[in-house]
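# Per-entry structural report
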Amino acid sequence: MSVSTAALDPSVCAPLPVLGQDVTVPLVTGGEVTYAALDYAASAPALQRVWDDVAAYAPYYGSVHRGAGYLSQLSTDLFENSRRTVAEFLGCRPEDQVVFTRSTTDSLNLLAAAIPANCQVFVYETEHHASLLPWRNAQVTYLNAPRTPAQAVETLERALADRDPYGPALVCVTGASNVTGELWPVKELAAAAHAHGARIVLDAAQLAPHHPVDIAELDVDWVAFSGHKLYAPFGSGVLAGRADWLQAADPYLAGGGASRKVARRADGGVDVDWHTTAARHEAGSPNVIGVYSIASACKALTEAGFDNLVAREQELVSRVREGLAEVPEVQVLSLFGDDAPRVGVISFVVRGWNSSHFAAALSAEYGIGVRDGLFCAHPLVRTLLGSDPQDPGECGAPEAEPGERSLNAIRVSFGAGTPDEHIDRFLRAVTELVREGAQWKYRTEDGRCVPDRGEAAQV
């Protein structure tokens, strides 16, 4: 997969309006500043368009599928139309199903519960924990971190060639790393999987917000992503793709909505006829507002011109990477090298700094929100930092005092709603902190590095 910006002019695509773009936050050094949200990889701010659409619908909210009233009928139409919108956004094939879930994690756990018995699962150690850990009831082969896209394909081909060719197999791979932002060779991996009789699921949590995803073009079997990373909050996600394994599996949750008919047996038991549609795995009252917010975000990105959004983001990626390269103390983390295509997710460490301390100073002294830690991808970050991938760690900051080395990193991430000023302020802040040091004292509190507000004196 590549990112092409040919014949596109980033200047014609302004940042999309998002919630919180005018929020101000206090600085420990005095005064306030507009908050620079540069943690899109964790949760992107909601698009104003999404918020407006949800607000317009909210008075008409009703339970779906089983209500005879006008609002229930209206909500049912909206819910199912949202399913069609998402299918179109993902380039689904006619026979594919779109199942609504709570998140990427929920989607992949649903698929893990639906895989056939004796299924072999192949997953790279570079995955986010959402795609690394759900396969507890399968025979799992963990693949070492590749150092080139070609090596990723070769590693998978070797592993698949060594498996039992007669049993079911599934490959799980990310589309864009939540640590490095690097794009993975999804289409080539899908071809390798299918050549060896395996299926493939794409974790698109970090890909879908930054780059068009087309199931048919990539030839993947399933795609999973989260609404809260696609500029749509409210705790909804998507699992889209082939229906056969999902139809053959027991419902992910048992309850109303998943069942088509329930009857008592003469022996006192219960017979259940389960749905074979996506409803089979959508038991309970669905999150209609969350689903609608995802559909609204899909429409907004499409109508804004996704190619132009990609082009502008690539310009921001180049500016950040070039700016960080001017600070020798900064080491940007990468699997595939400087020339690898990537989305707006960049992780780095700063020589002489504890990463939690650096992130805390960015927040407290510059009003910039980034992420520090291991980003729920512990083996990958350990590998990139040159430590043992089996070393223990936490998703948050470790117990390390300011100035002490820590086995974690700093992540800056951005997207369709990021103003140029936020990028400029971030690069200026990095340079000033490295050259001049922090202006305030910091201490560790509950595993986090925080300003020492008891110490009024600056350092």
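The structure contained in this document is the topic of the report that follows. (Residues numbered from 1 in each chain as written. Predicted model: local features only at pLDDT ≥ 70, side-chain atom pairs only at ≥ 80, totals over all residues. Heavy atoms only, no water.)

### Section: the side chain of Thr104
- For Thr104, the location among the structural elements is in helix H3 (residues 104–114).
- For Thr104, a relative accessible area of 4% translates into the label buried.
- Contact partners of Thr104, with chain neighbours within four places excluded, come to Asp203, Ala205, Ala224, Phe225 and Ser226. (Helix = DSSP H or I, 4+ residues; strand = E, 2+ residues; numbered from the N terminus. Buried < 20%, exposed > 50% of the residue type's maximum accessible area, 1.4 Å probe, protein only. Contact = heavy atoms within 4.5 Å.)

### Looking at the packing of aromatic side chains
- Taken as a whole and assessed by the stated rule, the structure comprises 12 aromatic pairs.
- Relative to Tyr292, the ring of Tyr57 lies with its centre 5.7 Å away and its plane at 70 degrees, an arrangement referred to as edge-to-face. You can see Tyr57 sitting in helix H1 (residues 48–57) and its partner Tyr292 sitting in helix H9 (residues 288–304), a full 235 residues away along the chain. As far as burial versus exposure is concerned, Tyr57 and Tyr292 are alike and both buried. (Phe/Tyr/Trp six-rings, centres within 6.5 Å; stacked < 30°, edge-to-face > 60°.)

### Here's the deal with the sheet that holds strand E7 (residues 169–174)
- On the basis of which strands lie adjacent, the open sheet formed by seven strands has the order E4-E10-E9-E8-E7-E5-E6 and mixed pairing. Lying at the two open borders of the sheet, with one neighbouring strand each, are strand E4 (97–101) and strand E6 (139–143). Across the sheet, the axes of successive neighbouring strands diverge by a mean angle of 20 degrees, strand direction being ignored.
- Note: strand E5 (residues 120–124) against E6, five bridges, orientation parallel. Looking across to E6, one finds that Val121 is bridged to Val140.
- Contacts from helix H2 (residues 70–89) reach E4, strand E9 (222–226) and strand E10 (237–241) within the one sheet, and its direction differs from that of E4 by about 115 degrees.
- Running over the sheet, helix H5 (residues 149–161) touches E5, E6 and E7 and is turned about 160 degrees from E5. (Pairing = 2+ DSSP bridges. Axes fitted to C-alpha atoms, helices over the stretch in contact; angles between N-to-C directions.)

### What to know about the side chain of Arg280
- Summarising the element assignment, Arg280 is placed in the loop between strand E12 (270–274) and H9.
- The side chain of Arg280 sits in the buried core without any salt bridge; Asp250 is the nearest counter-charge, 5.1 Å away.
- Of note is the side chain of Arg280, whose polar atom sits 3.2 Å from the backbone oxygen of Gln247.
- Among the polar contacts listed, one links the side chain of Arg280 to the backbone oxygen of His275, at a separation of 2.8 Å.
- If we skip the residues at most four places from it in the chain, Arg280 touches Leu246, Gln247, Ala248, Ala249, Pro251, Tyr252, Leu253, Ala258, Trp274 and His275. (Lys, Arg positive; Asp, Glu negative; His and termini not counted. Salt bridge = Lys/Arg side-chain N within 4 Å of Asp/Glu carboxyl O. Polar contact = N/O pair within 3.5 Å; in protein donor to acceptor, adjacent residues only side chain to side chain.)

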